[in-house]
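As a plain string of letters, each chain reads:
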4 protein chains.
Amino acid sequence: MRDFKSILNFIYNEAISQTEKGKVATYIPELAKIDIDNFGIYLKTMTGENYGVGDFNTPFSIQSISKVLALGKAMELIGESVFKRVDVEPSGHPFNQLALLEVENGIPRNPFINSGAIVIADILISNLKNPKTDFLNYVRDLCADKNINYNNAVAKSEKDTGFKNFAAANLLKSFKNLNNDVEEVLDFYFHQCSIEMTCSQLSNVFYFLANDGYCINKKLHLSNSQVKRINALMLTCGFYDEAGEFAFEVGLPGKSGVGGGIVALLPDHFIITTWAPGLNKKGNSLLGMKALEQFTTKTNLSIF
Amino acid sequence: MRDFKSILNFIYNEAISQTEKGKVATYIPELAKIDIDNFGIYLKTMTGENYGVGDFNTPFSIQSISKVLALGKAMELIGESVFKRVDVEPSGHPFNQLALLEVENGIPRNPFINSGAIVIADILISNLKNPKTDFLNYVRDLCADKNINYNNAVAKSEKDTGFKNFAAANLLKSFKNLNNDVEEVLDFYFHQCSIEMTCSQLSNVFYFLANDGYCINKKLHLSNSQVKRINALMLTCGFYDEAGEFAFEVGLPGKSGVGGGIVALLPDHFIITTWAPGLNKKGNSLLGMKALEQFTTKTNLSIF
Amino acid sequence: MRDFKSILNFIYNEAISQTEKGKVATYIPELAKIDIDNFGIYLKTMTGENYGVGDFNTPFSIQSISKVLALGKAMELIGESVFKRVDVEPSGHPFNQLALLEVENGIPRNPFINSGAIVIADILISNLKNPKTDFLNYVRDLCADKNINYNNAVAKSEKDTGFKNFAAANLLKSFKNLNNDVEEVLDFYFHQCSIEMTCSQLSNVFYFLANDGYCINKKLHLSNSQVKRINALMLTCGFYDEAGEFAFEVGLPGKSGVGGGIVALLPDHFIITTWAPGLNKKGNSLLGMKALEQFTTKTNLSIF
Amino acid sequence: MRDFKSILNFIYNEAISQTEKGKVATYIPELAKIDIDNFGIYLKTMTGENYGVGDFNTPFSIQSISKVLALGKAMELIGESVFKRVDVEPSGHPFNQLALLEVENGIPRNPFINSGAIVIADILISNLKNPKTDFLNYVRDLCADKNINYNNAVAKSEKDTGFKNFAAANLLKSFKNLNNDVEEVLDFYFHQCSIEMTCSQLSNVFYFLANDGYCINKKLHLSNSQVKRINALMLTCGFYDEAGEFAFEVGLPGKSGVGGGIVALLPDHFIITTWAPGLNKKGNSLLGMKALEQFTTKTNLSIF
């Protein structure tokens with residue numbers, strides 16, 4: 001039997017001894033304040049084991065990781081018709097590029113690039129009674145933990161500086177792929193991204209994607225087929241233009257955020273969350289990716 | 001001596017007998033109402049001749065033609081430093097493409113594509129006391145005619161539907177190539193484009209670009225060298241991605257607008273304005289381009 | 001226990017009753033002659049089961065499927081240094097686009113787009129004594145079947161019409177990412193693509209990628225980590241710009257060819273090959289993709 | 001009256017005192033050997049004046065300047081039907097980019113980017129009896145000077161290293177926009193580019209484009225309208241992605257070559273040729289462009 005605890009400890013010790021830690025994202029002023037030395041991992045297995053090391057109980061900004069949860073909620077609400085407005089192909093380009101959106105007539109390549117996530121936010125606004133409240137409750141329900149909140153200062157920080165997202169939303173609007181007002185959609189989107197969670201909370205929240213759609217309190221949120229689709233999307237599109245690299249090095253469906261978090265999972269086996277705020281050049285957590293690569297190599301547990 | 005009057009009459013009769021007239025621009029709802037059968041020409045020569053045929057006294061929306069006047073004013077205000085924020089090369093792409101702007105880090109290809117004109121608007125706002133009033137007075141002064149105004153309904157129509165321009169302005173802002181607020185810059189820009197003028201007024205306004213910088217009431221607005229530069233820009237960039245075709249067929253510096261107007265000029269010789277609201281596939285006045293091609297062919301007057 | 005036999009029979013009957021079969025590739029004249037009604041499947045499980053239905057014993061041109069075998073051999077010869085000359089990211093573009101190659105300075109996006117496969121061919125030529133003979137023997141060894149050959153007529157047909165591949169090879173050469181002569185590399189590449197195999201032979205050949213690197217006659221060809229990488233690449237890049245769709249619908253690493261073949265596999269469980277010459281718009285076998293989608297849905301066997 | 005002689009002397013003295021001279025093109029090994037200190041100007045006016053300063057009698061490789069002569073010959077042979085196979089718009093991209101050619105289905109943007117010039121070469125091969133001999137005689141006739149030749153060493157040097165041109169020609173072939181063999185077309189094209197001429201010979205050769213189609217020995221080669229078109233093309237497309245800059249700074253139709261030559265002309269007035277082998281970052285002669293800018297500024301002679 002694999003000794004997860006010692007493997008995680010080994011990885012933790014490796015990680016904190018690294019001198020090259022990448023760079024904390026600075027384009028969102030609020031995020032620039034985070035201490036780069038934070039490092040946490042939390043592993044949750046389907047057999048009931050839970051292991052945390054380092055700063056696994058410190059909340060951080062989940063940012064783009066929220067896109068997976070938003071997609072999940074949108075599919076729960078309107079099913080596969082989500083994919084009439086957003087495609088399912090890797091973009092092959094950085095996460096904020098508008099060029100492709102323009103060429104492809106306002107249909108974002110996938111729900112995990114910003115323009116795609118903005119379309120998903122638009123769907124949620126159209127289909128939730130109190131979008132911000134309802135979405136937060138959905139996330140809280142997924143992990144049976146009421147202690148999860150938006151960080152309004154981060155949301156405001158993004159609103160004040162997120163001109164590229166305003167550009168993307170207006171471009172979507174020009175292609176008639178945004179039904180609500182730009183301001184309203186982005187207000188929701190920036191809040192969604194500002195949610196703060198710990199590694200352990202994130203591992204709990206993503207449980208349903210490793211468990212055929214049933215969340216930790218046994219409620220069914222998505223069908224088996226829908227879960228498979230979200231996992232496929234995480235694998236092919238979860239890491240901006242480094243998705244191939246992550247599939248290649250780690251071999252798990254996963255999603256990163258510029259706050260330094262990464263959640264990855266092996267269906268029917270485990271969910272693992274890392275947090276290390278320093279990013280590599282492609283915008284993914286440098287030490288988080290390394291830690292996950294070591295984890296799948298040492299445990300020989302991957303989808304491939 | 002050339003008989004301009006009979007040449008213009010011939011061209012006019014040719015034009016109004018055409019059945020294929022292109023399509024009136026519909027993306028700005030207010031413009032969609034224009035009668036496609038309008039057709040006017042006004043020729044003003046530096047030797048003092050003036051000829052008008054057809055609807056040369058009907059005001060129309062000058063739209064992108066205003067970009068030349070805005071550039072002229074910006075150069076009058078801050079000189080060649082304009083070109084630190086906008087390049088002088090043909091874009092090789094449709095007038096509203098954001099892709100290139102993104103690749104080239106927020107420096108628009110030239111002042112006549114929308115993003116470039118938005119940067120010029122930003123410059124004017126920063127350098128005029130009362131931007132909208134001052135700019136309108138500048139245009140009125142150029143042609144010594146107080147009877148020129150913004151069309152607020154057209155400006156509002158563009159504001160309500162101009163999502164691509166909002167996208168472009170936000171993208172510029174994200175690259176720090178917009179100093180004022182997006183809303184303020186676009187309000188000015190939409191008003192600038194909404195100015196209504198007749199063929200004769202436009203020929204008068206553009207007089208200074210055929211007259212070494214001196215406008216019709218003899219006031220010097222730009223240096224000889226600056227005029228040369230604006231004319232060069234009109235020739236290489238004045239017709240979206242049909243600039244080469246216009247240089248090739250007509251052989252004059254000129255500028256078109258989606259309202260169906262075209263102004264062209266031969267330095268030291270004449271200014272000619274056409275108006276025909278039907279556009280070709282590239283967004284330039286179909287019959288206007290044909291009329292100008294005939295004019296330079298029949299008179300053998302072009303820069304080449 | 002899953003009844004593979006009846007599932008395959010069901011899928012077979014579904015498939016042959018379809019009227020919409022896609023279109024046989026015509027850009028290679030020799031391939032245009034294939035009867036579109038061919039349809040075969042062959043399933044090989046790691047527990048020793050083998051099931052074939054339809055035309056599973058008819059040889060067809062494996063075309064791009066050969067790229068996986070060429071990559072495998074290149075990694076066997078020079079290891080991970082392959083990836084200094086070719087990247088591992090999805091291209092997000094059609095399989096023959098040169099634009100990206102030009103922008104990215106001659107480093108192909110991945111080894112499964114044509115330019116990437118041409119670089120791999122160059123590596124094989126530099127590292128094999130008798131490239132064509134040695135590569136054919138490698139493929140024969142993988143499935144312990146000497147009855148596999150190049151189709152010289154198909155190879156010649158591609159040579160005479162494959163101008164885009166000549167363009168790609170010359171572009172690679174201009175970026176110094178091709179060490180051997182263009183003619184020599186493409187002669188090898190066209191032969192590699194011309195190999196003819198049956199569904200059963202292909203399932204046997206790909207056995208080593210589902211079996212930790214050990215081929216069917218128990219010889220070790222690649223390390224566990226290398227196999228994981230090739231499988232990851234198949235998942236993210238195996239279906240041109242439809243890779244996301246295949247991951248999403250089928251959920252298995254796989255590779256298609258314009259000859260109408262698809263090989264897919266679930267590590268440690270099975271290899272399945274389909275053959276249906278009619279292609280969809282993206283160039284992948286239309287009925288083959290449907291068959292595999294049904295197979296993973298009905299068996300609930302996928303990596304996700 | 002303008003004193004051309006003293007203006008040219010002033011420009012010459014300015015030029016040779018510059019320390020920043022750009023860089024000699026090295027991608028064609030034979031050209032890399034040229035002494036960067038060469039500098040010549042030759043002015044020929046329609047009133048019969050001729051002025052040469054510096055190295056105006058030293059032959060150099062005309063390279064892309066030959067594209068204008070090839071286009072002239074092609075139009076002489078098959079008229080405007082040339083433009084069914086090549087467009088007339090600025091490319092907005094560097095001279096060797098294939099991306100646009102791929103997107104636009106094998107129709108080059110204009111006859112002065114490499115792919116466009118290769119199409120023109122294909123037309124010449126199809127329409128000349130002895131292409132290389134006939135084209136050389138055409139150039140000799142234009143300037144009434146038999147002392148003009150191909151440089152076979154330069155042509156061979158380009159053939160051995162011109163992989164991007166092979167890529168472009170094969171891409172054209174894949175789009176069926178090349179009727180003759182790639183090898184044959186490029187052999188002609190490389191020879192065409194290898195022609196060596198002096199500044200005075202070039203000014204004589206381009207005389208017909210400033211003289212309504214009549215060359216210096218009074219033979220009519222092109223119609224007035226065809227000459228206008230070629231001049232328009234030089235203005236909008238003659239300087240790779242610096243065409244706008246040249247129009248802007250110099251204001252004359254012109255064409256540069258990587259050998260360091262530039263020919264420019266004012267219809268009905270003069271032809272001026274400069275030669276300075278050091279190139280700027282865009283591939284145009286650094287001191288040549290400066291000299292021409294000074295010339296049009298000091299003489300106030302430009303098309304604008």
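Residues numbered from 1 in each chain as written. Chains lettered and ligands numbered in written order. Predicted model: local features only at pLDDT ≥ 70, side-chain atom pairs only at ≥ 80, totals over all residues. Heavy atoms only, no water.

A. Quick peek at the relation of the copies chain B and chain D. For the match of chain B to chain D, the screw axis carries a shift of 0.1 Å, the RMSD comes to 0.0 Å, and the turn is 180°. Accordingly, the operation relating the two chain copies is best matched by a two-fold axis. Closest approach to the rotation axis within chain B is made by the C-alpha atom of glycine 92 of chain B, at a distance of 2.3 Å. With an isologous cut-off of 70% or more, the 100% of interface residues of chain B that recur at the interface of chain D puts this contact in the isologous class. (Least-squares fit on C-alpha atoms with pLDDT ≥ 70 in both. Contact = heavy atoms within 4.5 Å.)

B. Molecular detail of the environment of lysine 67 of chain A. Residues and elements named next belong to chain A. Mapped onto the secondary structure, lysine 67 falls in helix H2 (residues 66-78). Residue lysine 67 is classed as buried on the basis of its relative accessible area of 1%. Along the sequence, lysine 67 and serine 203 sit 136 residues apart, while their C-alpha atoms lie 15 Å from each other. Apart from residues no more than four positions distant in its own chain, lysine 67 is found in contact with Pro111, Phe112, Ile113, Asn114, Ala117, Tyr189, Gln192 and Lys255. (Helix = DSSP H or I, 4+ residues; strand = E, 2+ residues; numbered from the N terminus. Buried < 20%, exposed > 50% of the residue type's maximum accessible area, 1.4 Å probe, protein only.)

C. Geometry of the arrangement of the chains. Taking C-alpha atoms as the reference, chain B and chain C come no closer than 11 Å and do not contact one another. Note that chain A does not reach chain D: the shortest distance linking a C-alpha of one to a C-alpha of the other is 11 Å.

D. Fine view of the relation of the copies chain C and chain A. When chain C is fitted to chain A, the residual RMSD is 0.0 Å, and the transformation amounts to a turn of 180° plus an axial shift of 0.0 Å. The residues that chain C uses at the interface reappear at the interface of chain A in 100% of cases, marking a shared surface.

E. Examining the side chain of serine 157 of chain C more closely. All names here are of chain C. With respect to the helices and strands, serine 157 occurs in helix H6 (residues 152-161). Judged by its relative accessible area of 8%, serine 157 is buried. Sequence-distant contacts of serine 157, defined by excluding residues within four places in its chain, comprise Ile28, Pro29 and Glu30.

F. Region of the structure containing the pattern of salt bridges. All names here are of chain A. Following the criterion strictly, the structure yields 36 salt bridges over all chains and no others. Residues lysine 73 and glutamate 76 are paired through a salt bridge, measuring 3.5 Å at the closest nitrogen-oxygen approach. Placement of both lysine 73 and glutamate 76 in helix H2 is noted, with a separation of three residues, approximately one turn of the helix. A relative accessible area of 13% means that lysine 73 is categorised as buried. (Salt bridge = Lys/Arg side-chain N within 4 Å of Asp/Glu carboxyl O.)

G. View of unusual backbone geometry. All names here are of chain A. The backbone of glutamine 63 sits at a positive phi, close to 50°, despite the residue not being glycine. With respect to the helices and strands, the residue glutamine 63 is situated in the loop between strand S3 (60-61) and H2. For glutamine 63, a relative accessible area of 3% puts it in the buried group. Of note, alanine 144 is a non-glycine position whose phi angle comes to about 50°, a positive value. Assignment of secondary structure puts alanine 144 in the loop between helix H5 (131-142) and helix H6 (152-161).

H. Inspection of the sheet that holds strand S2 (residues 50-54) of chain B at higher detail. Residues and elements named next belong to chain B. One open sheet holds the five strands; their spatial order is S2-S1-S7-S6-S5, and the pairing between them is antiparallel. At either margin of the open sheet sits one strand with a lone partner, and together these are S2 and strand S5 (254-256). The mean angle between the axes of side-by-side strands here comes to 5°, regardless of whether they run parallel or antiparallel. Here strand S6 (residues 261-266) pairs with strand S7 (residues 270-275) via six bridges, running antiparallel. In the sheet register, glycine 261 faces S7, and the bridge partner there is tryptophan 275. (Pairing = 2+ DSSP bridges. Axes fitted to C-alpha atoms, helices over the stretch in contact; angles between N-to-C directions.)

I. Representation of the interface of chain C and chain A in the model. At the junction of the two partners, chain C supplies 34 residues and chain A supplies 34 residues. The largest per-residue losses of area from chain C upon contact with chain A belong to Lys228, Phe248 and Phe304 of chain C, which jointly make up 30% of the total buried on that side. Linking glutamate 249 of chain C and arginine 229 of chain A is a salt bridge whose minimum nitrogen-to-oxygen distance equals 3.2 Å. Linking chain C with chain A are eleven residue pairs in polar contact (both at pLDDT 80 or more). (Buried area = accessible area lost by both parts, 1.4 Å probe. Polar contact = N/O pair within 3.5 Å; in protein donor to acceptor, adjacent residues only side chain to side chain.)

J. Here's a closer look at the nonpolar core. Counting residues in hydrophobic clusters, the biggest one holds 144 residues, and the most contacted among them are Phe135 and Phe206 of chain A together with Phe135 and Phe206 of chain B. Apart from residues lying up to four places away in sequence, phenylalanine 135 of chain A is in contact with Ser66, Leu69, Ala70, Lys73, Leu124, Leu128, Asn130, Tyr150, Phe188, Gln192 and Ile195 of chain A. Within the second largest apolar cluster, 143 residues are counted, among which are Ile65, Val119, Val182 and Ile230 of chain C. (Core = buried A, V, L, I, M, F, W, Y, C linked by side-chain atoms within 4.5 Å.)

K. Region of the structure containing the interface of chain B and chain D. Contacts between the two partners involve 34 residues from chain B and, on the opposite side, 34 residues from chain D. Summed over both partners, the interface of chain B with chain D comes to about 2,700 Å²; 60% of that surface belongs to carbon and sulfur atoms. At the boundary of chain B and chain D, one finds two salt bridges. Run the count over chain B and chain D and you get ten residue pairs in polar contact (both at pLDDT 80 or more). Among the elements that take part in the side of chain B that touches chain D, helix H11 (residues 224-237) of chain B stands out by supplying eight residues, more than any other. Class assignment for the residues of the side of chain B that touches chain D results in 15 nonpolar, eleven polar and eight charged. (Nonpolar A, V, L, I, M, F, W, Y, C, P; charged D, E, K, R; others polar.)

L. Quick look at the packing of aromatic side chains. Summed over the entire model, instances satisfying the criterion amount to 48 aromatic pairs over all chains. Following the ring pairs from residue to residue traces out a cluster consisting of Phe4, Tyr51, Phe270 and Phe295 of chain A. (Phe/Tyr/Trp six-rings, centres within 6.5 Å; stacked < 30°, edge-to-face > 60°.)

M. The arrangement of the UniProt feature "binding site: substrate" (unreviewed entry) in chain A in detail. Residues and elements named next belong to chain A. Per the UniProt annotation, the sites labelled "binding site: substrate" (unreviewed entry) are Ser64, Asn114, Glu158, Asn165, Tyr189, Tyr240 and Val258. Counting through the fold element by element, glutamate 158 comes out in helix H6. With a relative accessible area of 5%, glutamate 158 lands in the buried category. For glutamate 158, the contacting residues outside a window of four places in its chain are Ile28, Gln63, Phe190 and Cys193. Here valine 258 lies in the loop between strand S5 (254-256) and strand S6 (261-266). (UniProt positions renumbered as here; feature names shortened; annotations may be inferred.)

N. Just helix H2 (residues 66-78) of chain D, in detail. Residue and element names in this part refer to chain D. Taking 1.5 Å per residue as the helical rise, H2 with its 13 residues ought to reach 18 Å, and the 18 Å between its terminal C-alpha atoms agrees with that figure. With ten of 13 residues buried, H2 lies mostly within the body of the structure. Among all positions of H2, only Ser66, Lys67, Val68, Leu69, Ala70, Leu71, Gly72, Lys73, Ala74 and Met75 are buried. Where H2 ends, the next residue or the one after it, glycine 79, has phi of about 65°, a positive value. (Expected span 1.5 Å × (residues − 1).)

O. Seen up close, the packing of H6 of chain C against helix H8 (residues 182-194) of chain C. Residues and elements named next belong to chain C. Look at H6 against H8: their axes get within 8 Å of each other, and the N-to-C directions meet at 135°. Regarding the angle of H6 to H8, the classification is oblique. The element H6 and its partner H8 pack so that their crossing is right-handed. Residues Asn152, Val154, Ala155, Glu158 and Lys159 of H6 pack against Glu183, Asp187, Phe190, His191, Cys193 and Ser194 of H8. (Parallel < 35°, antiparallel > 145°, perpendicular 65-115°, else oblique. Left-handed = near helix turned anticlockwise from the far one by under 90°.)

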